[in-house]
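Residue strings, one per chain:
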Amino acid sequence: MTSTTTVLGSLLEPTTLAGLPLTSRFVMAPMTRYHSPGGVPTPEVAAYYRRRAANRVGLIITEGVLVGHPSAGHHTAVPRMTAGPAERGWRRVTDEVHAGGGRIAAQLWHLGSAREAVDGISAWTPSGTPRGTHAMTLADIDDLLAAYAGAAGVAVRAGFDAVEIHAAHGYLLDEFLWPHTNRRTDRFGGTPAGRAAFPAAVIRAVRAAIPAAMPLVVRFSQFKERDYAARIAESPAELAVLLEAFAAAGADVLHASQRHFDDPVFPGSPRNLAGWARHLTGLPSITVGSVGLTRDFLGSDALRALVGRVDAGEFDLVSLGRILLGNPAWVTLAAAGRLDEIHDYRKSDEDIYY
Ligand SMILES: Cc1cc2nc3c(=O)[nH]c(=O)nc-3n(C[C@H](O)[C@H](O)[C@H](O)COP(=O)(O)O)c2cc1C
């Protein structure tokens, strides 16, 4: 069926992202799956990512991977980016994805206040909360910069093509960006530049730990998992301060997380968050949010508009999240017009692992 292929248009074409060649403009969005016992990705995890890479997803971004610090996260089935068995597990993952013809970025994650105090370690946050979380000291900040740099070094050794820093959705780095959770009065709080200072320091530490030519992606959002109406920037000017700090610290790509890709962000412009990111910084950007969740999306005006916005240079790549859980071959099938082999996203797709 040529109509579908035509509608996917330039999304199916090879491209480069900050120098990294990709077979398409589709990205697999990072999705936590709890399939790595003891923090070690299994052969099943490698096969899961390879299946998507072999089906024309140009760039895989892994699920959030905990940096090597006890405060980063508590769940034992969430993978870690640490030397030893986890590094060997990741080497198998990157080898499989490369064998499938794809590229893969590691998403580095610290949960911040979302970490449960299950083993005597209270959650770390920028400035503490009434719930008794631990307000980070300057020594803690140095420790975490070392942990991020260490994790980035492991990712390089394990064969990743890129690194993504998770600074979205209300986790630690986003808790620094958001005035509601960052009440610090030192240079890591206060103004937008102050709120960006710790995430920027993490970007700088990771940049120094990876090869100069390796793309460094930063994921950010306005919304939080606990508060969809939350905002880190009230205006384009405020967003510019945050994103310019990321760029100056060494970010090459901005992954702008939204729940619906076609939602405008600021009054008076239809630009989405990825559009603003690219407009304000000149960096390539990735959009995401409810792309392709139902079969009707293929052949729809919404898809035509999405492709048109890529062609117009508003943003560069398109992430697919939930639709890839139950439809690992979504891109291949959509490109071939084999729509009857695709099923709409359903919540139960989150329970299968294939
Ligand atoms: C099961 C699940 C796990 C997720 N885990 C992560 C994660 O680890 N890191 C992250 O940045 N986003 C995570 N997300 C958000 C997705 O990356 C994506 O932004 C979101 O699902 C919206 O895209 P979609 O509408 O195409 O699914 C997760 C989403 C889902 C559904």
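Overview of the structure. (Residues numbered from 1 in each chain as written. Predicted model: local features only at pLDDT ≥ 70, side-chain atom pairs only at ≥ 80, totals over all residues. Heavy atoms only, no water.)

This part takes up the layout of surface pockets. Of the voids in this model, the largest pocket is the one considered here, and its volume is about 1100 Å³. Pro-30, Met-31, His-169, Glu-225 and Arg-322 are, among the 42 residues lining the largest pocket, the residues nearest its centre. Of all elements in the fold, only β4 (59-66), β5 (103-109), β8 (162-169), β9 (216-224) and β12 (317-320) reach the threshold of two or more residues within the lining of the largest pocket. Class assignment for the residues of the lining of the largest pocket results in 17 nonpolar, 16 polar and 9 charged. Within this model, the second largest pocket holds a volume of roughly 240 Å³. For the second largest pocket, the lining is made up of 14 residues, of which Gln-222, Phe-223, Tyr-228, Gln-258 and Asp-263 are closest to its centre. By residue class, the composition of the lining of the second largest pocket is 7 nonpolar, 4 polar and 3 charged. (1 Å grid on protein atoms, 1.4 Å probe; cavity = no way out; pocket = protein on both sides within 12 Å on 5 of 7 lines; lining within 4 Å. Points joined across faces, edges and corners; volume = space filled by probe spheres on them. Helix = DSSP H or I, 4+ residues; strand = E, 2+ residues; numbered from the N terminus. Nonpolar A, V, L, I, M, F, W, Y, C, P; charged D, E, K, R; others polar.)

Bringing helix α8 (residues 273-281) into the picture now. Turning to α8, its buried residues number three or more, namely Leu-273, Ala-274, Gly-275, Trp-276, Ala-277 and Leu-280. Looking at the buried side of α8, the elements it contacts are β9, α7 (236-249), β10 (253-257) and β11 (285-287). Two or three places before Ala-274, at the start of α8, stands the capping residue Asn-272, its side-chain oxygen 3.1 Å from that residue's backbone nitrogen. (Buried < 20%, exposed > 50% of the residue type's maximum accessible area, 1.4 Å probe, protein only. Contact = heavy atoms within 4.5 Å. Polar contact = N/O pair within 3.5 Å; in protein donor to acceptor, adjacent residues only side chain to side chain.)

What follows deals with the environment of Asn-272. Among the structural elements, Asn-272 can be located in the loop between β10 and α8. Only 3.0 Å separates the side chain of Asn-272 from the backbone oxygen of Phe-261, close enough to count as a polar contact. A distance of 2.7 Å separates a polar atom in the side chain of Asn-272 from the backbone nitrogen of Gly-275.

Here the focus is the site of the ligand. Of all residues adjacent to the ligand, which total 16 residues, the nearest are Pro-30, Thr-32, Arg-219, Ser-290 and Arg-322. The contact in question runs from an oxygen atom of the ligand to an N or O atom on the side chain of Thr-32, over 2.7 Å. Within the side chain of Arg-322, an N or O atom sits 2.7 Å from an oxygen atom of the ligand. Because more than half of its atoms lie within 2 Å of the grid, the ligand is assigned to the largest pocket. (Near = heavy atom within 4 Å. Sits in = over half its atoms within 2 Å of the grid points.)

Burial analysis of β4 places 8 of its 8 residues in the buried class, which makes it a mostly covered element. Relative to β4, strand β3 (residues 26-28) is paired through 2 bridges, and the arrangement is parallel. For Val-27, the partnering residue across the bridge sits in β4 and is Leu-59. Relative to β5, β4 is paired through 6 bridges, and the arrangement is parallel. Paired with Val-65 across the strands is Leu-108, a residue of β5. (Pairing = 2+ DSSP bridges.)

What follows deals with the pattern of salt bridges. Tallying each qualifying case throughout the model produces 17 salt bridges. Ionic pairing is found between Glu-234 and Arg-231, a salt bridge with its closest N-O pair at 3.3 Å. A relative accessible area of 53% means that Glu-234 is categorised as exposed. A relative accessible area of 28% means that Arg-231 is categorised as partly exposed. (Salt bridge = Lys/Arg side-chain N within 4 Å of Asp/Glu carboxyl O.)

Turning our eyes to something else, we now look at the nonpolar core. If you look at the biggest cluster of nonpolar residues, it comprises 109 residues, and the most contacted ones within it are Met-81, Phe-198, Val-206 and Phe-220. Top contributing element to this core by residue count: helix α4 (residues 138-157), with 9 residues. Among all residues touching Met-81, those that are not within four sequence positions of it are Val-65, Leu-66, Gly-68, Trp-90, Ala-106, Leu-108, Ala-151, Val-154, Ala-155 and Phe-160. Within the second largest apolar cluster, 12 residues are counted, among which are Leu-17, Val-27, Leu-59 and Ile-61. (Core = buried A, V, L, I, M, F, W, Y, C linked by side-chain atoms within 4.5 Å.)

Tallied over the full model, the rule gives 9 aromatic pairs. Pairing Trp-109 with Tyr-171 gives two aromatic rings, centres 5.2 Å apart and planes at 90°, and the pair type is edge-to-face. With Trp-109 in strand β5 and Tyr-171 in the loop between β8 and α5 (172-177), this pair connects stretches of sequence that are 62 residues apart. For the residue pair Trp-109 and Tyr-171, the accessibility class agrees, reading buried in each case. (Phe/Tyr/Trp six-rings, centres within 6.5 Å; stacked < 30°, edge-to-face > 60°.)

Any link to function would need more than the numbers given here.
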